[in-house]
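Given next are the chains, with one letter for each unit.
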Amino acid sequence: ADDMAVQAQKVNELQDEVERFQLSSDAMSKDMTELRLANEKRLALLEEEKEAELQRTLAEKDKMHAEEKDTELQRKLAEKDKIHAEEKETELQRKLAERD
């Protein structure tokens with residue numbers, strides 16, 4: 001009977017140890033899941049930041065391109081005005097020469 005009691009005690013201790021191990025394992029598993037979720041969230045935020053940075057860069061590039069085009073347009077218009085003024089001056093000189 002003593003032998004049976006010792007055996008039963010050992011079985012109880014082993015069951016307690018298995019239960020503690022299971023709880024510890026569950027806790028570790030939960031920690032790992034929380035870490036994974038936190039990492040996924042951080043990754044998503046980093047992706048959003050990168051996307052926002054890319055959008056800002058593209059917008060800045062578009063703005064600079066528009067400014068360059070505007071400057072180019074202004075230069076062309078000024079050139080056109082200058083040519084027009086020279087043509088008018090030539091025309092005026094021609095008319096003056098005809099009058100003389």
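Cut-off values and rules
Residues numbered from 1 in each chain as written. Predicted model: local features only at pLDDT ≥ 70, side-chain atom pairs only at ≥ 80, totals over all residues. Heavy atoms only, no water. Patch = residues over 30% accessible without salt bridge, like charges linked within 9 Å, V, L, I, M, F, W, Y side chains within 5 Å. Areas by Shrake-Rupley, 256 points an atom, 1.4 Å probe, with all protein chains shown as cover. Salt bridge = Lys/Arg side-chain N within 4 Å of Asp/Glu carboxyl O. Lys, Arg positive; Asp, Glu negative; His and termini not counted. Charge placed at Lys NZ, Arg CZ, Asp CG, Glu CD. Buried < 20%, exposed > 50% of the residue type's maximum accessible area, 1.4 Å probe, protein only. Helix = DSSP H or I, 4+ residues; strand = E, 2+ residues; numbered from the N terminus.

Draft legend 1. Summary view of a negative patch on the surface. A surface patch of like charges, here negative, comprises Glu13, Asp16, Glu17 and Glu19. Classification of Glu17 as partly exposed rests on a relative accessible area of 48%.

Draft legend 2. Here's a closer look at the pattern of salt bridges. Enumeration according to the criterion identifies seven salt bridges in this entry. For the salt bridge of Arg56 with Glu53, the shortest nitrogen-to-oxygen distance reads 2.5 Å. With Arg56 and Glu53 both in helix α1 (residues 2–99) and three residues apart, the pair spans about one turn of that helix. Look at Glu53 and you get partly exposed, because its relative accessible area is 41%. Among the charged side chains, a network of salt bridges with common partners joins Glu91, Arg94 and Glu98.

Draft legend 3. Spatial organisation of the environment of Leu43. Mapping Leu43 onto the fold places it in helix α1. Here Leu43 falls in the exposed class, since its relative accessible area comes to 53%. Along the primary structure Leu43 and Glu53 are separated by 10 residues, whereas in three dimensions their C-alpha atoms are 15 Å apart.

So yeah, pure geometry; function would need other evidence.
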